[in-house]
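Read off the chains here:
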Amino acid sequence: MARNPGRSWAASASGATGSAGSSGGRPHGRPQLPRAKRRWPVWHRSVAGQVFALQILVVLLVVVAAAVALVVQSHSDAEHEARNRSVAVAQSFANSAGIVAALRSPDPTAVLQPSAEAARVASGVDFVVVLNDQGIRYTHPNPARIGQRFVGTYEPALHGHVVTEQLTSTLGSQVRAVVPVYAPDGSVVGAVSAGITLRNVSSTSDRQLPVVLGAAAAAVGLATLGTALISRRLRRQTHGLGPVEMTRMYEHHAAVLHAVREGVMIVGGDGRLLLCNDEARRLLDLPPDAEGRPVAELGLEQAPLELLTADRPVTDEVVLSGERLLAVNVRLIGRAGGPPGCVATLRDSTELAALSGRADRAQRRLRLLYDAGVTVGSTLDVTRTAEELAQVAVPRFADFVTVDLADQVLTGEEPPPGSLLGRMRRAAVAGVRDDAPFYPVGTVLDVVPATPLAGVLRNGEPGIEPHLPEATRWREQDPEQSAQVLAYGVHSLVRVPLRARGALLGVARFWRAQRAEPFEAEDLALAEELVAHAAVCIDNARRYTREHTMAVTLQHSLLPRRLPEQTALDVAHRYLPAQAGVGGDWFDVIPLPGARVALVVGDVVGHGLHAAATMGRLRTAIHNFSTLDLPPDELLGHLDELVTRIDQDEAAGGEHAELAGATCLYAIYDPVSRRCTLATAGHPPPAVVDPQGRVVFPELPTGPPLGLAVLPFETAELELAEGSRLVLYTDGLVEGRERDIDEGLELLRAALSGPPRTPEQTCVDVLGAMLPEHPQDDIALLVARTRVLAPDRVAQWEVPSDPAAVGEVRAAVAERLTAWGLVEAAFVTELILSELVTNAIRYGAGPIRVRLLRDRSLICEVSDGSSTSPHLRYAATEDEGGRGLFLVAQFAERWGTRYTATGKVIWTEQPLE
């Protein structure tokens, strides 16, 4: 174990201890244990010092071995490098261009000496010598030796061999090579010798030797640093204590561990028991060989075993182990880098069993109240809230729960006044079993006045029957059913009236059968708290039901109850209100003069009564405007002005008044021309399905929503083939939280595509494919299949601006009516047309046309180019005219005027028998 030289303190002059102000004592830190004076620690006596010495020895051996190997390798590498370089230089010069010509020249030395010296300097060799075939030098670094015979072996080179030899010169050990010089014909004309001294050759091994020595120095430094760190860590972990002190401290700890009256256990990360004291053995009845064995194999009961193996901290958790009640604390270890595991302490708390039981029961009741507060009232539905009250109390509080409410509460109406409910209906039943003999849901209960149930309802105070078999008055409510309840095993009952905001809503009853203990006073208080919360939730649901019912009733009363009879279109519709509340979507089918039909779909912004009331006002306004037979763009313009006035009135009515806003699509279909005129105010475009099943969404001039228009609305005109389907809808069908409008339109296109279908089947298919599970907005769908008025049911004439032409028109009309089998209507029709045509000729402008339409009624139309409309008036006795329109109004069922782009049309309708 390493010793820290800096952790010792010398004794003060006055003794072993000293005050904070003395110079020799230990003023701060852990109190010094009494011990003998320690010698200054020595590195080689400590574990860290021994490790350091071993590391140094290993490093030195490795460095010496590496150095010897490098020296040997360096000598071998230098000789090999010298041979390779001398041969390479000699061969390169021997094969250089012009050397053969230089040897055969009159003065070879003059030509070769400069080249040889340049090659020697560039290659780093000691000499480059050129010889002739007699061994006479032509070049040499020392010019004095030129012309002398070469000293050394060169004869093999003259026979085509490469000669290398090592010799010792005045410069040291030297390697030289002699290579032949070949003529173009292959003959040897001379030789080239190159040589280098070995000491001038540097090898890789020479360069590695400093690296090895540096690495050795770094290894020694790291070993020293590591030893210092290990020594410091050991000193920190042992707090500067020596072996003797550590042994003494261990003995003290062992004595304290086994002497305390609290069980102590240390469990390793692998679940094995590492240590336990005598008290832990006694409390858990551990075997003698428990240490070292897995905790799961020690025969512990489930509760303490779960705490010891749960790998989580535990604070004063009380568990039962045999007949002992143990308070367990568990703390995890190993979080700071130590070995994983936990330390557990056990205290015998058997005498606290009764107190713990009461605390546990109080905790369960608080948990029940909390769960009831979260669960009961999750929806604004009276029946569902009653079911939630019954379900949350079973089985934690009662075995069976019944909830009875007044009929008025179930329907959302105000509960009956007074403190006694004479009649109630079973709203919810819940129990641990399904075969209990209680009234099923929906049963009507007539309260008997003399029973305890009537008393509870009368005084509003809860009641308890802890022992039902001993009570008799409660059986008077229904003796037969009471006997069945007792025979089933029900033995205890609590009754609590449901009161909220001063109103009596019903009663909740809690029954116990399988649980042996009867209800107590504490249970009665708990039942009151449960029912009080549920009563408020039920009353909230009742109020919501009432308001929702009122809103739905208002909304449905404002929508068309049945579609009017007409022959231009075969129409089917669907209207689905949102789950969150009523909205302002609406649709309408309005017959117009001339066998035409108007289709309307609109959507008011928002939900609730305000949106429904605004929808009713807009729908009424559209009906009024349609009687004027206005084109779609003008009708939307008037409707926009109405919405603007509504917004102004709402804004003036209060700061928090809701402003109206709406979208609308208005279309007029003419079965004679097969043309459909449309205008939209911020509403999605309709879908047009041709007879072949192709779906298009026509591009309409986009108008702003009603109430925001700053420019006139525009119309678009479509020509529809007979049998086409015109599909109008509100945005709740194609748009929602789960999908955007583009995705919705593609889904609608897919639902409408395919073979021809009736409008009714089209509604079924579209809603089946696109209806969301929980609609967040109202959905209005209107599907109209077009029909065409046959040409043989239409007659038209051009009328000249001549009073004499009236007779011709009358004759032509009479002839057509005869062909149609309407001879009895000829006289009235001729009278009406005579008056209308005469007025058109006298007061109107050309061109003048007459058209007869045979539909559900006989329709007569007279059109001219004037925009002046006739007015009905009463003629005075002396007036010669002014009675024509009066006669028209008397003989026709309906009559009126509509304006066109080129003038006006006066029309009448006569019923057909």
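One can find the structure itself at the top, above this paragraph.
Owing to the predicted nature of the structure, the values given are computational and were not obtained by experimental measurement.

Each value, and the rule that gives it
Per chain, residues are indexed from 1 in the order of the written sequence. Residue-level local features of this predicted model are given only where pLDDT is at least 70; pairs of side-chain atoms are given and counted only at 80 or more, and the full residue set underlies all totals for whole chains, interfaces and linings. Only hydrogens and water are removed before side-chain values are computed, so all heavy atoms of the structure are retained for them. Working definition: helices are DSSP H or I runs of at least four residues, strands are E runs of at least two. Numbering for both runs from the N terminus. To sort residues, take the accessible area from a 1.4 Å probe on protein chains only and compare it with the maximum for the residue type: under 20% means buried, over 50% means exposed, and anything in between is partly exposed. Here, residues are in contact when the closest pair of their heavy atoms is within 4.5 Å. We get accessible surface area from the Shrake-Rupley algorithm with a probe of 1.4 Å; when it comes to residues, only the shown protein chains can shield them. A pairing counts as a salt bridge when a side-chain nitrogen of Lys or Arg comes within 4 Å of a carboxyl oxygen of Asp or Glu. Strands were regarded as paired on the criterion that DSSP finds at least two bridges between them. Simply put, an axis is a line fit to the C-alpha atoms, just over the touching stretch for a helix, and the angle between two N-to-C directions goes from 0 to 180 degrees. For classification, angles of less than 35 degrees are called roughly parallel, those exceeding 145 degrees roughly antiparallel, those between 65 and 115 degrees roughly perpendicular, and all remaining angles oblique. In a left-handed crossing the near helix is turned counterclockwise from the far helix by less than a right angle, and in a right-handed crossing that turn is clockwise. The residue classification treats Ala, Val, Leu, Ile, Met, Phe, Trp, Tyr, Cys and Pro as nonpolar and Asp, Glu, Lys and Arg as charged. All others, Gly included, are polar. One less than the number of residues in a helix, times 1.5 Å, gives the span that helix is expected to have. Here, the arc refers to the directions that run from the helix axis to the C-beta atoms. Each nonpolar core is a collection of buried residues, namely Ala, Val, Leu, Ile, Met, Phe, Trp, Tyr and Cys, held together in the definition by side-chain atoms within 4.5 Å.

Observations concerning the overall build of the protein chain
In step 1: From N to C terminus, the protein chain includes 22 helices and 30 strands.
In step 2: A buried classification covers 43% of the 913 residues belonging to the protein chain.
In step 3: For the protein chain, the share of sequence-separated contacts (at least 6 apart) that also reach a separation of at least 24 residues comes to 61%.
In step 4: Surface accessibility of the protein chain: about 46700 Å² in total, with carbon and sulfur atoms responsible for 55%.

Let's talk about the pattern of salt bridges
In step 1: As enumerated under the stated definition, the model contains 46 salt bridges in all.
In step 2: A salt bridge links Asp407 to Arg425; the nearest nitrogen and oxygen atoms lie 2.8 Å apart. On the criterion of sequence distance, the pair formed by Asp407 in helix H11 (residues 407–410) and Arg425 in strand E11 (residues 423–431) is long-range, its members being 18 residues apart.
In step 3: Residue class for Arg425 comes out partly exposed when judged on its relative accessible area of 27%.
In step 4: With its nearest N and O atoms 3.6 Å apart, the salt bridge here joins Glu414 to Arg542. Placement of the pair is Glu414 in the loop between H11 and E11 and Arg542 in helix H14 (residues 521–558), with a sequence separation of 128 residues.
In step 5: Assessed through its relative accessible area of 45%, Glu414 is described here as partly exposed.
In step 6: Taken together, the shared-partner salt bridges in this structure form one network comprising Glu414, Arg501, Asp539, Arg542, Arg543 and Arg546.

Some remarks on the environment of Tyr843
In step 1: Inspection of the secondary structure assignment puts Tyr843 in helix H21 (residues 826–843).
In step 2: For the pair Tyr843 and Ser869, spaced 26 residues apart in sequence, the C-alpha to C-alpha distance is 9.7 Å.

Looking at the environment of Ser173
In step 1: Within the secondary structure, Ser173 sits in strand E3 (residues 172–182).
In step 2: Ser173 gets classed as partly exposed once you look at its relative accessible area, which sits at 26%.
In step 3: Spatially, the C-alpha atoms of Ser173 and Ile196 are 8.9 Å apart, while their sequence positions differ by 23 residues.
In step 4: Those residues in contact with Ser173 that sit more than four places away from it in its chain are Gln166, Leu167, Thr168, Thr197 and Leu198.

What to know about the pairing of strand E4 (residues 188–197)
In step 1: Across the 10 residues of E4, 9 count as buried, placing the element largely inside the fold.
In step 2: Strand direction decides the pairing type here: strand E1 (residues 127–132) and E4, joined by 6 bridges, are antiparallel. Opposite Leu131, over in E4, you have Ala191 as the bridge partner.
In step 3: Examined bridge by bridge, E3 and E4 share 9 bridges and lie antiparallel to one another. Bridging across to E4, Val181 finds its partner in Gly190.
In step 4: Linking E3 back to E4 in an antiparallel pair, the connection comprises 5 residues, with Gly186 at a positive phi of about 95°.

Re helix H12 (residues 452–459)
In step 1: Across the 8 residues that make up H12, a large majority, 6, are buried.
In step 2: Looking at H12, one finds that the buried residues are Pro452, Leu453, Ala454, Gly455, Val456 and Leu457.
In step 3: Looking at the buried residues of H12, the elements they touch are E11, strand E13 (463–465), strand E14 (492–500) and strand E15 (503–512).
In step 4: Where H12 terminates, the next one or two residues include Gly460, which has phi positive at roughly 75°.

A closer look at the packing of helix H18 (residues 741–752) against helix H19 (residues 759–770)
The relative placement of two packed helices is expressed as an angle between their axes plus a distance between the axes.
In step 1: Put simply, H18 and H19 touch, their axes get as near as 9 Å, and they point 140° apart. If you check the angle between H18 and H19, you find them oblique. The chirality of how H18 crosses H19 is right-handed. Along the contact surface, H18 presents Gly744, Leu747, Leu748, Ala751 and Leu752, while H19 presents Thr762, Val766, Ala769 and Met770.
In step 2: When the residues that make up the contact of H18 with H19 are grouped by side-chain class, the tally is 7 nonpolar, 2 polar and no charged.

Examining the sheet that holds strand E12 (residues 444–446)
In step 1: Judged by pairing direction, the sheet is antiparallel, and its 6 strands sit side by side in the order E12-E11-E10-E15-E14-E13 without closing on themselves. Two strands in the sheet have a free side with no partner beyond their single neighbour: E12 and E13. Here the strands of the sheet are splayed against their neighbours by 25° on average, with no regard to which way each runs.
In step 2: Both E14 and E15 contribute to a ladder of 9 bridges, which runs antiparallel. Its bridge partner being in E15, Leu498 is matched across the sheet by Gly506.
In step 3: Contacts from H12 reach E11, E13, E14 and E15, with the element oriented near 30° to E14.

Focus on the packing of helix H20 (residues 805–819) against H21
In step 1: Axis separation between H20 and H21 bottoms out at 9 Å; the angle between their running directions is 150°. For the pair H20 and H21, the sense of crossing is right-handed. Across the interface between the two elements, Val806, Arg810, Val813, Ala814 and Leu817 of H20 pack against Ala826, Thr829, Glu830, Leu833, Ser834, Val837, Thr838 and Ile841 of H21.
In step 2: Its residues assigned to classes, the contact of H20 with H21 shows 8 nonpolar, 3 polar and 2 charged.

Some details on H18
In step 1: Helix length check: H18, at 12 residues, gives a terminal C-alpha distance of 16 Å against a target of 16 Å (1.5 Å per residue), a fit within 8%.
In step 2: Inspection of H18 places Gly744, Leu745, Leu748, Ala751 and Leu752 among the buried residues, and these make up the whole buried set. The buried residues of H18 occupy an angular sector of 120° when projected down its axis, which confines them to one face. In this structure, H18 carries Asp742 and Ala750 as exposed residues pointing more than 90 degrees from its buried face.
In step 3: Close packing links the buried residues of H18 with strand E21 (687–689), strand E22 (695–696), strand E24 (725–729), helix H17 (731–734) and H19.
In step 4: Just downstream of H18, Gly754 is the residue with a positive phi angle, here 120°.

What about the sheet that holds strand E29 (residues 894–900)?
Sheets are built from strands that pair by backbone hydrogen bonding, the pairs being arranged parallel or antiparallel.
In step 1: With respect to topology, 5 strands assemble into an open sheet ordered E26-E27-E28-E30-E29, the strand pairing being antiparallel. Sheet topology places strand E26 (794–799) and E29 at the edges, where each strand pairs with a single neighbour. Strand-to-strand twist in this sheet, taken as the mean axis angle between neighbours without regard to direction, amounts to 15°.
In step 2: Across 8 bridges, strand E28 (residues 857–864) lies against strand E30 (residues 903–911) in antiparallel orientation.

Looking at the nonpolar core
For soluble globular proteins, the rule of thumb is that nonpolar side chains tend to be buried together.
In step 1: One finds Trp586, Leu599, Ile622, Leu639 and Tyr666 to be the most contacted residues of the largest nonpolar core, which totals 52 residues.
In step 2: With 7 residues, strand E19 (residues 662–670) is the single largest residue contributor to this core.
In step 3: Dropping the residues within four chain positions of it, Tyr666 is found in contact with Leu592, Ala598, Leu599, Val600, Ile622, Ser626, Pro632, Leu635, Leu636, Thr677, Leu678 and Ala679.
In step 4: Among the nonpolar cores identified, the runner-up in size contains 46 residues, and Leu405, Val409, Val494 and Ala527 belong to it.

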